[in-house]
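What the coordinates show
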Amino acid sequence: MKEALFQPLQLGKLSLKNRIVMPPMTRSRSTQPGNEANDIMAEYYAQRTGAGLIVGEGTQISTLGQGYAWTPGIYSKAQIAGWKKVTDAVHSKGGVMFAQLWHVGRVTHTDNTQGVQPISSSALKAENVKVFVDNGIGEPGFVDVVEPREMTKADIEEVIGQYRQAALNALEAGFDGIELHAANGYLINQFIDSNANNRTDEYGGSIENRLRFLGEVVEAMTDAIGADRVGVRLAPFTSLNGTVDETPVETYVAAAALLNKLKVVYIHIAEVDWDDAPDTPAAFKQGIRDAYQGVIIYAGRYDADKAERAIKEGIADMIGFGRPFVANPDLPNRIKQGYPLAVHNPDTLFGGAEKGLTDYPEYNA
């Protein structure tokens, strides 16, 4: 029995039943046209309400924020109504769910942005990065991303406003809170990481400047819905989608200190999770813990034993299990009972319908 993982936890005003997080995972099953959440997505999330916290898949805040085919949005009335089906289903089974608000910046192709050139911190193309588009046969077709244009001050103001509105829309859709996606090489990460940002104004250069956009977005959202409903996801050491920072420890400990000042309810750190990736340095994890007083979530390559240890050591408060949640809708119960875990089928991760989404069974002892 993993005792630490099954202790309850207070997250703002929310009482969570355990320390297990279902982290955001793109599944590209939204209804077309319109990128609306739907009944099969509602069933998928409702099956996984054993988690103390569910963070929904990345959800774009605007048409220009979309990086991949068939991902859901949260900027139209129909999209809000679609998500309401999902949150109602999750709440009916006692679950707690945050929306992950997403703008991909340069990680996209004009096929996904209705022909409009993408925007980013700088006019720098993400090298060796592909995204998938709808190639008309129901399976994702992978294409190279296109070069973005550098955001003007007016663009920055507009996107901050879109994040704020998306946070309000998320509450209207019944979510318990939101997670700002500031990780994995997407728009906010393109401002934070030094090698993706060559601006010479107050949004580029020093660490403080590169964190400014993050801070302004968070402030707009916490003003709108309350800091106790806003979490932030960061990825300090990943080079996903072509963003790299020259001084990740310094940069991300500063980010944690900024988010502490802004009183966000949690920081969710995505660790590098490919098979032979280096472990996140223990000194860095301690640095985050010292800089930030709220709830800390880690995700990436955790099994039950490693998760239990991280919580007992006080480095983490909650642990996200990504891929295991795909094939194990009852993952928390399997961990609790020591049942074996099923393995997911990688071919049915993106696009399609029920197959590979809602048809994985619970464990039958």
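Preceding block: the structure.
Residues numbered from 1 in each chain as written. Predicted model: local features only at pLDDT ≥ 70, side-chain atom pairs only at ≥ 80, totals over all residues. Heavy atoms only, no water.

1. Considerations on the nonpolar core
- Formed by 89 residues in total, the largest nonpolar core has its most connected members in Trp83, Phe213, Leu214 and Phe321.
- Apart from the residues lying within four places of it in its own chain, the contact partners of Leu214 are Leu180, Ala182, Ile188, Ile192, Val232, Ala255, Leu258 and Leu259.
- Counting 14 residues, the second largest nonpolar core, distinct from the first, contains Leu11, Val21, Leu53 and Phe98. (Core = buried A, V, L, I, M, F, W, Y, C linked by side-chain atoms within 4.5 Å. Buried < 20%, exposed > 50% of the residue type's maximum accessible area, 1.4 Å probe, protein only. Contact = heavy atoms within 4.5 Å.)

2. Some points on the environment of Ala89
- Note that Ala89 resides in helix 2 (residues 77-92).
- Sequence separation between Ala89 and Ala299 is 210 residues; the distance between their C-alpha atoms is 25 Å.
- Apart from residues no more than four positions distant in its own chain, Ala89 is found in contact with Ala42 and Ala46. (Helix = DSSP H or I, 4+ residues; strand = E, 2+ residues; numbered from the N terminus.)

3. Quick look at the sheet that holds strand 11 (residues 230-234)
- Read around the closed barrel, eight strands run 3-4-5-10-11-12-13-14, paired in parallel fashion. On average, adjacent strands in this sheet sit at an angle of 25° to one another, irrespective of strand direction.
- Bridging between strand 10 (residues 177-181) and strand 11 involves four bridges; their strand directions are parallel. Counterpart to Leu180 in the pairing with strand 11 is Val232.
- Of the strands in this sheet, strand 5 (97-102) and strand 10 touch helix 3 (residues 153-172), which is tilted by about 155° from strand 5. (Pairing = 2+ DSSP bridges. Axes fitted to C-alpha atoms, helices over the stretch in contact; angles between N-to-C directions.)

4. Section: the pattern of salt bridges
- Taken as a whole and judged by the stated rule, the model has 15 salt bridges.
- Glu202 is the partner of Lys153 in a salt bridge, and the nearest nitrogen-oxygen pair spans 3.3 Å. Of this pair, Lys153 sits in helix 3 while Glu202 sits in the loop between helix 4 (187-192) and helix 5 (207-210), and the two are 49 residues apart along the sequence.
- Across the pair Asp201 and Arg199 runs a salt bridge, and its minimum N-O distance is 2.8 Å. (Salt bridge = Lys/Arg side-chain N within 4 Å of Asp/Glu carboxyl O.)

5. A few points about the packing of aromatic side chains
- Using the criterion set out here, one finds 14 aromatic pairs in the structure.
- Between the aromatic rings of Tyr44 and Tyr45, the centroid separation amounts to 4.9 Å while the plane-to-plane angle is 65°, which identifies the pairing as edge-to-face.
- Overall, the relative accessible area of 1% leaves Tyr45 in the buried class.
- With centroids separated by 5.3 Å and ring planes inclined at 45°, the aromatic side chains of Phe132 and Phe350 adopt a geometry described as tilted. Taken as a pair, Phe132 in strand 7 (residues 130-134) and Phe350 in the segment after helix 11 (331-337) lie far apart in primary sequence, 218 residues in all.
- Taking the relative accessible area as the measure of exposure, Phe132 reaches 3% and is therefore buried.
- Seen from the ring of Tyr298, Lys285 lies directly overhead, with NZ or CZ sitting 4.7 Å from the centre.
- Above the ring of Tyr302, the side-chain terminus of Lys306 is found at 4.6 Å from the ring centroid. (Phe/Tyr/Trp six-rings, centres within 6.5 Å; stacked < 30°, edge-to-face > 60°. Lys NZ or Arg CZ within 6 Å of the ring centre and 35° of its normal.)

6. Side note on helix 2
- The terminal C-alpha atoms of helix 2 lie 22 Å apart, and with 16 residues this matches the ideal 22 Å at 1.5 Å per residue to within 8%.
- Among the residues of helix 2, those classed as buried are Gln79, Ile80, Gly82, Trp83, Val86, Thr87, Ala89 and Val90.
- Close packing links the buried residues of helix 2 with helix 1 (39-46), strand 4 (53-60), strand 5 and helix 3. (Expected span 1.5 Å × (residues − 1).)

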